[in-house]
Amino acid sequence: MTMLPVGTRIKFVKSLYGSATGDSPACVYAQKGDGGVVTGHGTPEGHWVKRDNWPHAFGAEYGNEFVEAVEATDNEVPKF
């Protein structure tokens, strides 16, 4: 399993939702195309990640739910 370093910028390649329970409504953790960051390791999915502008980390699977974001340089188009 590939492990990205903590602090790596990422992009979500699918929308991730939490199921509604009797105590709380359904939650959108991230939408496809959102940016975020790796915050740790050790979840069943492999990585702790956090979507930009969202305060809580959650587990996500590299390659299936998110990929590493590649920063654009000068006139280069970002590659996600």
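Above this text you will find the structure in question.
To keep things clear, this report deals only with the structure shown in the data block.

In this section: the pairing of strand S5 (residues 47–51). Only one face of S5 is covered, namely the one carrying His 47, Val 49 and Arg 51; the face carrying Trp 48 and Lys 50 has none of its residues buried. Both strand S4 (residues 35–41) and S5 contribute to a ladder of five bridges, which runs antiparallel. The residue bridging Val 38 from the neighbouring strand is Val 49, located in S5. In textbook terms, the turn of a hairpin is the stretch between consecutive antiparallel strands, and for S4 and S5 this stretch comprises five residues, one of which, Gly 42, has a positive phi near 105°. Sheet topology places S5 next to strand S6 (residues 58–60); three bridges connect them, and they run antiparallel. For Val 49, the partnering residue across the bridge sits in S6 and is Phe 58. Where S5 folds back on S6, the antiparallel hairpin that results is connected by six residues, among which Asn 53 adopts a positive phi of roughly 65°.

Tracing the sequence through the fold places Asp 52 in the loop between S5 and S6. For the pair Asp 52 and Ala 30, spaced 22 residues apart in sequence, the C-alpha separation works out to 8.9 Å. In this structure Asp 52 touches Arg 9, Gly 35 and Gly 36, once residues within four positions along its chain are discounted.

What follows concerns the nonpolar core. Grouped together as the largest cluster of nonpolar side chains are ten residues: Leu 4, Ile 10, Phe 12, Leu 16, Ala 30, Val 38, Val 49, Phe 58, Ala 60 and Phe 66. For this core, the secondary structure elements donating two or more residues are strand S1 (9–12) and S6.

Before going further, it helps to spend a moment on the environment of Val 28. With respect to the helices and strands, Val 28 occurs in strand S3 (residues 27–30). For Val 28, a relative accessible area of 32% gives the class partly exposed. For the pair Val 28 and Ser 15, spaced 13 residues apart in sequence, the C-alpha to C-alpha distance is 7.7 Å. Those residues in contact with Val 28, other than ones at most four positions away along the chain, are Leu 16, Tyr 17 and Arg 51.

Calculation notes
Residues numbered from 1 in each chain as written. Predicted model: local features only at pLDDT ≥ 70, side-chain atom pairs only at ≥ 80, totals over all residues. Heavy atoms only, no water. Buried < 20%, exposed > 50% of the residue type's maximum accessible area, 1.4 Å probe, protein only. Helix = DSSP H or I, 4+ residues; strand = E, 2+ residues; numbered from the N terminus. Pairing = 2+ DSSP bridges. Contact = heavy atoms within 4.5 Å. Core = buried A, V, L, I, M, F, W, Y, C linked by side-chain atoms within 4.5 Å.

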